[in-house]
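Examining the three-dimensional arrangement
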Amino acid sequence: MKSNSKLKSPLITGTLILTITGFFNRGIGFFYRIFLSNTIGEEGMGIYQLVFPVLGIGMAMCALSFQTAISRYVAAANGTHQEGKQRFILRCGLFLTSILSCTLAFIVYQCSTPIARYLLLEERCDNLLKIAALSLPFSALHCCGCGYYYGKQKASIPAFSQVVEQVIRVLSVWIIWKVRTEKGLFLTPSGVMAGLLLSEIASDLFLFFCYLLTEHTEKYKTALIPIMKDLLSMAIPLTANRLLLNILQSVEAIMIPSRLQLFGLTNSSALSVYGVLTGMAMPFIFFPSTLTNSVAVMLLPAVSKAQSNDQTSTIHHATHFSIRFCLWLGILCTGIFLLFGNDMGNFIFHSELAGTYIKILGWLCPFLYLTTTLASILNGTGYTTVVFFQNMIAVTIRLAFVVFLIPRFGITAYLWGMLLSELLLALLHLSTLNHHSAISFSCFSSIFIPTIFTALSGIFALCMKHVLQLYLPHYMPFTLCLSIGIMFFCFCFLTTCLIRKKR
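Presented here is a report on the structure given in the accompanying data block. (Residues numbered from 1 in each chain as written. Predicted model: local features only at pLDDT ≥ 70, side-chain atom pairs only at ≥ 80, totals over all residues. Heavy atoms only, no water.)

A word on unusual backbone geometry
- Of note, Leu 121 is a non-glycine position whose phi angle comes to about 60°, a positive value.
- Structurally, the position occupied by Leu 121 is in the loop between α6 (112-119) and α7 (126-151). (Helix = DSSP H or I, 4+ residues; strand = E, 2+ residues; numbered from the N terminus.)

Here's the deal with the nonpolar core
- One finds Leu 36, Phe 337, Met 344 and Leu 361 to be the most contacted residues of the largest nonpolar core, which totals 96 residues.
- Beyond its immediate chain neighbours, meaning those up to four positions away, Met 344 contacts Phe 284, Ile 336, Phe 337, Phe 349, Ile 358, Leu 480 and Ile 484.
- Judged by nonpolar contacts, the second largest core, of 24 residues, contains Ala 69, Val 74, Cys 92 and Tyr 149. (Core = buried A, V, L, I, M, F, W, Y, C linked by side-chain atoms within 4.5 Å. Buried < 20%, exposed > 50% of the residue type's maximum accessible area, 1.4 Å probe, protein only. Contact = heavy atoms within 4.5 Å.)

Digging into the state of the cysteines
- Scanning the entire structure with this criterion turns up zero disulfides.
- For Cys 365, which is in no disulfide, the shortest distance to another cysteine sulfur is to Cys 333 and amounts to 5.2 Å. (Disulfide = S-S within 2.5 Å.)

Structural notes on the side chain of Glu 122
- Looking at the element boundaries, Glu 122 is found in the loop between α6 and α7.
- On the basis of relative accessibility, which here comes to 6%, the residue Glu 122 falls in the buried class.
- Beyond its immediate sequence surroundings of up to four residues, Glu 122 is in contact with Leu 50, Ala 116, Asn 267 and Leu 271.

Remarks on the side chain of Lys 152
- Here Lys 152 is to be found in the loop between α7 and α8 (156-182).
- Setting aside anything within four residues of it in sequence, one finds Lys 152 in contact with Val 74, Gln 86 and Glu 215.

Considering a nonpolar patch on the surface
- Where nonpolar side chains cluster on the molecular surface, the patch consists of Leu 171, Trp 174, Ile 175 and Val 179 and spans about 350 Å² of accessible area.
- Along the chain, the position of Leu 171 falls in helix α8. (Patch = residues over 30% accessible without salt bridge, like charges linked within 9 Å, V, L, I, M, F, W, Y side chains within 5 Å. Areas by Shrake-Rupley, 256 points an atom, 1.4 Å probe, with all protein chains shown as cover. Salt bridge = Lys/Arg side-chain N within 4 Å of Asp/Glu carboxyl O.)

Digging into helix α4 (residues 64-76)
- Between its first and last C-alpha atoms α4 spans 19 Å; for 13 residues at 1.5 Å apiece the expected length is 18 Å, and the two agree.
- For α4, the complete set of buried residues consists of Ser 65, Phe 66, Gln 67, Ala 69, Ile 70, Ser 71 and Val 74.
- In the core, the buried residues of α4 are packed alongside α3 (52-62), α5 (83-110), α7 and α10 (224-263). (Expected span 1.5 Å × (residues − 1).)

A look at the packing of aromatic side chains
- Taken as a whole and assessed by the stated rule, the structure comprises 11 aromatic pairs.
- Ring geometry for Trp 328 and Phe 491: centres 5.9 Å apart, planes at 70°, overall edge-to-face. In this pair, Trp 328 sits in helix α13 (residues 312-348) while Phe 491 sits in helix α19 (residues 476-502), placing the two residues 163 residues apart along the sequence.
- By relative accessible area, which is 10% here, Trp 328 ends up buried.
- A cation over an aromatic ring shows up here: Lys 130 above the ring of Tyr 109, its NZ or CZ 5.7 Å from the ring centre. (Phe/Tyr/Trp six-rings, centres within 6.5 Å; stacked < 30°, edge-to-face > 60°. Lys NZ or Arg CZ within 6 Å of the ring centre and 35° of its normal.)

Some points on the pattern of salt bridges
- For the structure on display, the rule yields seven salt bridges.
- In this structure, the salt-bridge partner of Arg 124 is Glu 43, at a minimum N-O distance of 3.0 Å. Taken together, the residues span a long stretch of sequence, with Arg 124 in the loop between α6 and α7 and Glu 43 in helix α2 (residues 41-50) at a distance of 81 residues.
- Glu 165 is paired through a salt bridge with Arg 169; the nearest N and O atoms lie 2.9 Å apart. A residue pair is termed a helical-turn pair when its members lie 3 or 4 positions apart in one helix, as Glu 165 and Arg 169 do in helix α8 at four residues.
- Its relative accessible area of 11% is what places Glu 165 among the buried residues.
- Overlapping salt bridges, with partners in common, bring together Glu 43, Glu 122 and Arg 124 in one network.

Structure below.
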């Protein structure tokens, strides 16, 4: 019983910490994006977002896989007399990622002009790429530090480092905007990217001070080569998989504006559409996934341990709970975005286009949230390669919609491609899990009941919205937030009543 309680305590505590800080960061991120949409505009958002595929490839090559490797080997060395070895693993990881990230940063910085002109097809990304290149080494160090503390089951330190990063990013960009405004100048995407660089430096300093305060500095003597070999043996295959996946995702993102121009849009209009989609609409859809992402991060090691102990019932219970939880949350969010999506776009971003995209993307929620946790369970049970190939299939489908259908049907084709790919990915993950461990799935309890509860909650929320508009006609954003809150709590009330009735 003691071992079970020790297992559950880090899982629950870590999930709560990551969820709370995640919602806090997403909340700040919403206000930040509203600020950006009003300062650099839709076209500026599109130019800014174009740089992130390059950053994603760079992070896949020099950071993310090493974070996973450090976390795994630090966790494996968890013991009373193993703290010195854990710190040595971290230092080896820092050494390897520093070499890789600095090399990549130099290449991107020197080649920023041809990358912007021939790969991103937007010369205005040149300066942004230079600043982004400088941030790569700091981002890599941040990933190593987070992997170290995840391995030690101290989720609070990386969680708060992300809060520091978000706060400094917003604050630094606001200061840059304030200074430029006083000089009669406008905020540019380069100024926003500079804020990203400063935030990465700040988060690294935070992790460094935490390390100095919480860790001892006694020396640990061991052979360097075996540790390096262990880290590289795990990081290299993961890097290859993630790099290929990131390249396909980057090609997809980079091609959208150019394919929109074939549809008939001008370069400025295409960038505006891309900026609205990725910088305004998508963050709304991903906001509730903070909860499912937190569960996924802490679920993977728990499932791995259950498999190593031959606890098939634990894996079965985790799978059953994940499916029901994600479907209930996803169906509720779909209802919220369908009913209030237009209002979100109009009152928050002052963009009707953003509202339209939010409504369409709302259908993604059940499948998007489901694939996140199912992929975590599959990775925890050793199906990493299967997950990679299934993700490749989903990305390939979206890429096909970008290449062949956007020039004919516009951005709507990409939105339907996203829906089809996420639906197929969820089915593939479910099929793999069902083959590994039989899944007890009920359409009535997992789909029909939450749909009915969402419909009832939505009708009640819409009625309350009309009443509030009569008495508070000049407070539309407040009315919108209150209506969404009413729908959410009404759904929770019906769910609680159902649970009590079953008991």
